[in-house]
Amino acid sequence: MFRKHKEVTSPTLFTGFGQILGNKKMQRLEDKKSWDNIFKERVNLAIDESIFSVLYNQENGRPNAPIRILVSMLILKEGFGWSDSELFEACRFNLIVMNALGLSNASDEVPVESTYYDFKKKLYEYQIKSGRSLIAEACEQTTKTQAEIYSVNARWIRMDSKLVGSNIAKCTRLQLVISCLQEFYKSLDGELKETLLQEDRTTLEELIKKKAYQIVYKLSDEQKKEYLASYGSLLSRLAEFYKDKDGDKSQTGKEKYSMILRLLNEQYKKQDGKIEIKSVSEIPSDAIQSPYDMEATYRKKGDKKVRGYNVNIVETCNKGELNLILDAEVYKANQSDNELLEEGVKKAERICGKVKQISVDGAYHSPENQSYAKGNRKVIHLSGITGAGGDYDFEEINGGLEVTNKETKEIIIAHKTKKGHYRIKQSNGKRRYFTEEQIESYRKRKQVESLPEKIRNVRCNIEASIFQSCFHLRKDKSKYRGFFKNQLWVKCRMMWINLIRIKNYLSEIELTEKQAVLALA
């Protein structure tokens, strides 16, 4: 049964911190500028517990544990980079952490491990069922409250993204297929296994005796191709054999069956009644990367190859004011940055008002984004444009187009074709065509180059936010698997970074006030 809990516990006569600590220690614990007291006031007590009421029965059952404490524990875990055991040790025995959680007595207890894990399970199941991320909603509401208190506005925002690998091992196609077959076979109960063809059951029984890499490493390239082809036929038989047995499969079994169906469609094709291996170019970037993280996708960005997710950060960047991260969100790794701009702007406006200027790098540039900005009276400041600059300069003269070859400095007047393209005749006699998109891209590149350095550099500081968000990662690889866990990490990390920014901002104000007093003395 859902119920709200009181904000902080009341100190008792014998176990209150004030009764067991000396004056100096209590002065530290009561310091309003310390991180724990700011966390208690601006994070813990700002969390709206009613957001999470949908996780509990409204009339029956045992009352829920304090939601504020559970959410605060999630934030502290990612803030300090603790393991679960370190988190519970700190919450039970570190008085500063207990104070941050709103506990006032040495005898006060935090929710036990089973309650903590059950809360996370409820969040996950509700998100899968409804599509709503309650943690994301709580973070947005809390950030909005902070923005109102400290007069943070979104007049000027900046955003950037970072590719983060999922906590999965890199594997070859054959290892992937073997791993998926192993996971599927393990998910079947004894009766379903018995219904398999003897030959297939024997093959799968042999597969689960070893790990995928132990099977693959000793095979030659030719043998790998043979195994890959034979396992394709096995996948096809399994998909056909179990398609009408939904009622016999557990929930896990159904998920694993969907996995082998997806694997079959992504890695193989049916041609002339035979199952054939797809070429690498035919495999989509959102294909399964691991049976242990079905939501991770593949992306190659420059020399970097990632099997995981794309983390997008949106923050304010108003000079001389407190700037907060307004949104930190996880997307598929194969989702390009220019698809994220409009959503990021809308989230920022929900929290703290109208966005007028947006500083981003060239990866966020697209005709659609420029059109969105123009239609909503916003200005996008690009720090660069992706891709090569091209071999030609363009200049509009008297309604026509003058094209200059950058290498030869040859100037040619372009003629517009019926299709709306521009055509020139080069010195070698060959014709060259240019589209409106190419010319517009040239104009935008020139506009970026002419942008004052002061404005162009506004985007740069978001690199520090990206660094802090991923501070506890090793080699840009997450500790987690799956969209939900990675989103939870990013949201909690965002809340922690904002806390530190508020603390530093208040310290700067106090220092400025002291300097002003000294100047008048």
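See the structure above.
Only a predicted model underlies this, so the values are computations on that prediction, with no experimental measurement involved.

What counts as what
Residues numbered from 1 in each chain as written. Predicted model: local features only at pLDDT ≥ 70, side-chain atom pairs only at ≥ 80, totals over all residues. Heavy atoms only, no water. Buried < 20%, exposed > 50% of the residue type's maximum accessible area, 1.4 Å probe, protein only. Helix = DSSP H or I, 4+ residues; strand = E, 2+ residues; numbered from the N terminus. Arc of directions from axis to C-beta. Contact = heavy atoms within 4.5 Å. Core = buried A, V, L, I, M, F, W, Y, C linked by side-chain atoms within 4.5 Å. Phe/Tyr/Trp six-rings, centres within 6.5 Å; stacked < 30°, edge-to-face > 60°. Pairing = 2+ DSSP bridges. Axes fitted to C-alpha atoms, helices over the stretch in contact; angles between N-to-C directions.

J.: Help me understand helix α11 (residues 198-207), please; the structure alone is not making it clear to me.
T.: Residue pairs spaced three or four apart in an α-helix point in one direction, given the helix's 3.6 residues per turn. Among all positions of α11, only Asp200, Arg201, Leu204 and Leu207 are buried. Projected down its long axis, α11 carries its buried residues within an arc of 120 degrees, all on one side. Those residues of α11 that are exposed and angled more than 90 degrees off the buried face are Gln198 and Glu199. Where the residues of α11 are buried, they touch α9 (173-187), α10 (190-194), α12 (212-216) and α13 (221-242).

J.: How should the nonpolar core be read in this particular structure?
T.: Generally speaking, a soluble globular protein has its nonpolar side chains buried in company with each other. Core analysis: the largest hydrophobic core is formed by 73 residues, its most contacted members being Phe52, Phe119 and Ile157. With eight residues, helix α4 (residues 67-80) is the largest single contributor of residues to this core. Ile157 has contacts with Val314, Glu315, Thr316, Cys317, Leu326, Val345, Ala348, Val355, Gln357, Ile358 and Ser359, leaving out every residue within four places of it along the chain. Among the nonpolar cores identified, the runner-up in size contains 31 residues, and Leu176, Val177, Leu188 and Val216 belong to it.

J.: Quick question: what am I supposed to make of the packing of aromatic side chains here?
T.: Note on aromatic pairs: each is described by the distance of the centres and the angle between the planes. What the rule picks out here adds up to 19 aromatic pairs. For the pair Trp35 and Phe39, a centre-to-centre distance of 6.3 Å together with 75 degrees between the ring planes defines the contact as edge-to-face. Linking Trp35 with Phe39, this pair stays in helix α3 (residues 35-44), spanning four residues, or about one helical turn. Take Trp35 and Phe39: they sit in the same class, and that class is buried. Measuring from ring centre to ring centre gives 5.6 Å for Trp35 and Trp496, while their planes differ by 65 degrees; the resulting arrangement is edge-to-face.

J.: What am I meant to see in the sheet that holds strand β11 (residues 411-416) here?
T.: Whenever strands of a sheet pair, they do so through backbone hydrogen bonds, lying parallel or antiparallel. Strand order in this open sheet of five strands is β9-β10-β11-β12-β13, and the pairing throughout is antiparallel. A strand with exactly one partner marks an edge of an open sheet, and here the two such strands are β9 (392-397) and β13 (431-434). Between one strand and the next, the sheet's axes are offset by a mean angle of 35 degrees, whatever the strand orientation. Here β11 runs beside strand β12 (residues 422-425); their pairing, made up of two bridges, is antiparallel. Across the sheet, the residue bridging to Lys416 is Tyr422, located in β12. Against the sheet, helix α17 (residues 436-449) makes contact with β9, β10 (400-405), β11, β12 and β13, and its axis sits at roughly 95 degrees relative to β9, the strand it touches most.

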